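What follows is each chain in one-letter form.
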Amino acid sequence: MTAWGWLMDRMDAVADVMHGWDERAMLSISEARFLRRVPRVFVAATYLGDGYIWLGLALGLLAFGNQRDRWNVLIGLCATVANLILVRLLKTLFSRERPEEGAGAMRGRLIDTYSFPSGHATTSFGLAWLVATAYPTPYIQAIVYVGAGLIALSRIVLREHYLFDVLGGALLGTLVAASVQHLFRLAGF
């Protein structure tokens, strides 16, 4: 066996172990008794994570905010578009299948069949980062991160994503949003 073949075998073995752990983590979270007592909360969080809550915030800032708020909405829009493009590219690149349908799966409303990274987590954490940095008040920061966390958790509880999908999406969304925000600041906005 060549060194390359040996390395590929090791990488496959590590990927198998990680997938097994990820699947067990998803099942453990989705079957947690205290989470299953409030299933409607997670269904609502998933639907709100489709963009409705962030769109509502943006419309409120556009209607009632000042010029700085309008710039923040533009930055959020740019970060969201960048995140959605990257999510689509990464989902195609990794082609990771979603978890098998469970009791809470909502497969009928899915746009794609791939799992990594979670688009809901990517978008929610990207926008939470932007809101938290643009409006650095502790209660605002807490609200947006609790909201983003609930949206991301809903994807696991409803068995639409594995834990690594959500964690990867949260990290991706935050990094992209921070980068877009930095580019706007460099441009003088």
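Residues numbered from 1 in each chain as written. Predicted model: local features only at pLDDT ≥ 70, side-chain atom pairs only at ≥ 80, totals over all residues. Heavy atoms only, no water.

## Quick notes on the layout of surface pockets
Rolled over the atoms, a probe sized like a water molecule indicates the empty space that remains.
Here is step 1 of the chain: Looking at the largest pocket, its volume works out to about 870 Å³.
Here is step 2 of the chain: Together, 37 residues line the largest pocket, and Gly 51, Trp 54, Thr 80, Thr 123 and Leu 127 are the ones closest to its centre.
Here is step 3 of the chain: At the level of elements, helix H3 (39–64), helix H4 (67–94), helix H5 (119–134) and helix H7 (163–186) are the ones that each hand at least two residues to the lining of the largest pocket.
Here is step 4 of the chain: Counting residues per element, the lining of the largest pocket draws most heavily on H4, at eleven residues.
Here is step 5 of the chain: Of the residues belonging to the lining of the largest pocket, the class tally is 17 nonpolar, eleven polar and nine charged.
Here is step 6 of the chain: As a volume, the second largest pocket reaches approximately 280 Å³.
Here is step 7 of the chain: Looking at the second largest pocket, the residues that line it are Ala 15, Met 18, His 19, Asp 22, Leu 93, Phe 94, Arg 96, Phe 116 and Phe 164.
Here is step 8 of the chain: With four residues, helix H1 (residues 3–30) is the largest single contributor of residues to the lining of the second largest pocket.
Here is step 9 of the chain: For the lining of the second largest pocket, the per-class residue count stands at six nonpolar, one polar and two charged. (1 Å grid on protein atoms, 1.4 Å probe; cavity = no way out; pocket = protein on both sides within 12 Å on 5 of 7 lines; lining within 4 Å. Points joined across faces, edges and corners; volume = space filled by probe spheres on them. Helix = DSSP H or I, 4+ residues; strand = E, 2+ residues; numbered from the N terminus. Nonpolar A, V, L, I, M, F, W, Y, C, P; charged D, E, K, R; others polar.)

## Considerations on the pattern of salt bridges
Here is step 1 of the chain: This model, assessed by the stated rule, comprises four salt bridges.
Here is step 2 of the chain: A salt bridge links Asp 165 to Arg 96; its shortest N-O distance comes to 2.7 Å. Residue Asp 165 is located in helix H7, and its partner Arg 96 is located in the loop between H4 and H5; the two are separated by 69 residues in the primary sequence.
Here is step 3 of the chain: On the basis of relative accessible area, Asp 165 is assigned to the buried category, the value being 0%.
Here is step 4 of the chain: Overall, the relative accessible area of 18% leaves Arg 96 in the buried class.
Here is step 5 of the chain: Between Arg 98 and Glu 160 there is a salt bridge; the shortest N-O distance is 4.0 Å. On the criterion of sequence distance, the pair formed by Arg 98 in the loop between H4 and H5 and Glu 160 in the loop between helix H6 (138–157) and H7 is long-range, its members being 62 residues apart. (Salt bridge = Lys/Arg side-chain N within 4 Å of Asp/Glu carboxyl O. Buried < 20%, exposed > 50% of the residue type's maximum accessible area, 1.4 Å probe, protein only.)

## Concerning the environment of Ser 118
Here is step 1 of the chain: Position of Ser 118 among the secondary structure elements: in the loop between H4 and H5.
Here is step 2 of the chain: Since its relative accessible area comes to 0%, Ser 118 is described here as buried.
Here is step 3 of the chain: For the pair Ser 118 and Gly 169, spaced 51 residues apart in sequence, the C-alpha separation works out to 5.1 Å.
Here is step 4 of the chain: The contact partners of Ser 118, leaving out residues within four places of it in the chain, are Arg 155, His 161, Asp 165, Val 166 and Gly 169. (Contact = heavy atoms within 4.5 Å.)

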